[in-house]
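# A structural walkthrough
One letter stands for each residue in the lines below.
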Amino acid sequence: MGFFPESASSFGGEIDRLFWAIFWITGFFFLLVQAGLLFFVLKYRSRAGRKASYVHGHTGLEVIWTVVPALILLVLTIASQKVWSEIRSPRRMPKDALHVEVLAEQFAWNIRYPGPDQRMETPDDITTINELHLPVNRPALVSLKSKDVIHSFFVADFRVKQDAVPGLTTQVWFTPTKLGQYEIRCAELCGLGHYRMRGQVTVQPRRDFEAWLVETKANE
Ligand SMILES: [Cu+2]
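Presented here is a report on the structure given in the accompanying data block. Keep in mind the model is a prediction, meaning the values are calculated, not measured.

## Observations concerning a nonpolar patch on the surface
- A cluster of nonpolar residues, Phe28, Phe29, Leu32, Leu61, Ile64, Trp65 and Val68, forms a patch on the protein surface that exposes about 700 Å² of accessible area.
- Of all elements in the fold, only α1 (12–43) and α2 (59–88) reach the threshold of two or more residues within the nonpolar patch.
- With four residues, α2 is the largest single contributor of residues to the nonpolar patch.
- Take Val68: its relative accessible area is 37%, and that puts it in the partly exposed class.

## What about the environment of Asp148?
- With respect to the helices, strands and loops of the structure, Asp148 is situated in the loop between β5 (140–146) and β6 (151–155).
- In the structure, Asp148 is positioned 24 residues away from Val172 in sequence and 20 Å away in space, judged by C-alpha atoms.
- Beyond its immediate sequence surroundings of up to four residues, Asp148 is in contact with Ala104, Glu105, Gln106 and Pro166.
- Engagement of the side chain of Asp148 in a polar contact is seen with the backbone nitrogen of Gln106, the distance being 2.8 Å.
- One polar contact links Asp148 to His151, side chain to side chain, over a distance of 2.8 Å.

## Thoughts on the nonpolar core
- The biggest cluster of nonpolar side chains holds 40 residues, and the ones touching the most others in it are Trp109, Tyr113, Leu132, Phe153, Phe158, Phe174 and Val201.
- Looking at which domains feed residues into this core, each of domain 1 (12–44 + 56–90) and domain 2 (98–218) gives three or more.

## Points about the coordination of the copper ion
- Surrounding the copper ion are the protein donor atoms His151 (ND1), Cys186 (SG), Cys190 (SG) and Met197 (SD), at 2.0 to 2.4 Å.
- Expressed as a motif, the donor residue spacing for the copper ion is H-x34-C-x3-C-x6-M. With His151 in strand β6 and Cys190 in the loop between β9 (180–186) and β10 (198–204), the pair connects residues that are 39 residues apart, well separated along the chain. Of the two residues examined, His151 and Cys190, each falls in the buried class.

## Comments concerning the sheet that holds β10
- Spatial ordering of the open sheet is given by β4-β10-β9-β6-β7, a layout of five strands whose pairing is mixed. Pairing within the sheet leaves two strands with one partner each, and these edge strands are β4 (131–135) and β7 (160–164). Averaged over all neighbouring strand pairs, the angle between strand axes comes to 20 degrees, with direction disregarded.
- Across five bridges, the pairing between β6 and β7 is antiparallel. Bridge assignment links His151 to a residue of β7, and that residue is Ala164.
- Along the sheet face, helix α3 (residues 206–218) touches β4 and β10 and points at about 140 degrees away from the line of β4.

What counts as what
- Residues numbered from 1 in each chain as written.
- Predicted model: local features only at pLDDT ≥ 70, side-chain atom pairs only at ≥ 80, totals over all residues.
- Heavy atoms only, no water.
- Patch = residues over 30% accessible without salt bridge, like charges linked within 9 Å, V, L, I, M, F, W, Y side chains within 5 Å.
- Areas by Shrake-Rupley, 256 points an atom, 1.4 Å probe, with all protein chains shown as cover.
- Salt bridge = Lys/Arg side-chain N within 4 Å of Asp/Glu carboxyl O.
- Helix = DSSP H or I, 4+ residues; strand = E, 2+ residues; numbered from the N terminus.
- Buried < 20%, exposed > 50% of the residue type's maximum accessible area, 1.4 Å probe, protein only.
- Contact = heavy atoms within 4.5 Å.
- Polar contact = N/O pair within 3.5 Å; in protein donor to acceptor, adjacent residues only side chain to side chain.
- Core = buried A, V, L, I, M, F, W, Y, C linked by side-chain atoms within 4.5 Å.
- Domains from an automatic or database assignment.
- Donors = N, O, S within 2.8 Å, 3.2 Å for Na, K, Ca; no water.
- Pairing = 2+ DSSP bridges.
- Axes fitted to C-alpha atoms, helices over the stretch in contact; angles between N-to-C directions.

This is the structure we're talking about:
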């Protein structure tokens with residue numbers, strides 16, 4: 001179905017599969033319950049001469065409608081937990097990832113690369129505003145921070161959304177798998193300029209990315 005942008009990261013497919021599984025399961029039961037409700041509302045509507053009766057319930061039925069949803073939830077929990085820990089567990093974040101710092105502020109994304117020494121906050125750092133460039137097929141590890149209020153780093157194409165909270169550094173990683181340009185949106189209402197808090201991710205071949213870093217540093 002087409003209401004998501006095509007996935008452009010390594011784990012986008014898994015997240016989408018989970019989303020659609022939950023969508024169809026809950027959608028099916030939602031329609032079933034609504035149809036049942038409508039059916040009984042009509043079947044037992046007020047009629048001349050028919051008296052209401054008191055019903056004590058049915059243990060068998062109650063066990064079924066408790067156990068079946070519990071089992072479905074258990075399966076969904078296990079499936080979600082697997083994907084979640086793969087993506088979010090700090091122990092499983094890729095060691096060879098490209099490290100980038102994204103500092104959110106009202107209303108821009110400040111982006112910092114560590115430069116040749118691989119350390120942040122040193123003179124060889126490369127910084128840009130709203131322009132995140134990444135090499136394709138290499139994991140990127142983003143350290144998210146905020147200068148002022150809570151923002152949220154959202155790249156729909158990568159299926160990545162993470163709050164940037166003042167005073168905290170939050171790490172998120174993903175591997176871009178498709179060349180192209182994608183939008184970074186702030187997904188947390190952060191003030192009057194929230195609507196224009198947009199950045200752009202450019203996923204490019206490794207060589208182009210390296211050339212871009214050199215060029216950006218030279219223009220600083
Ligand atoms: Cu914001």
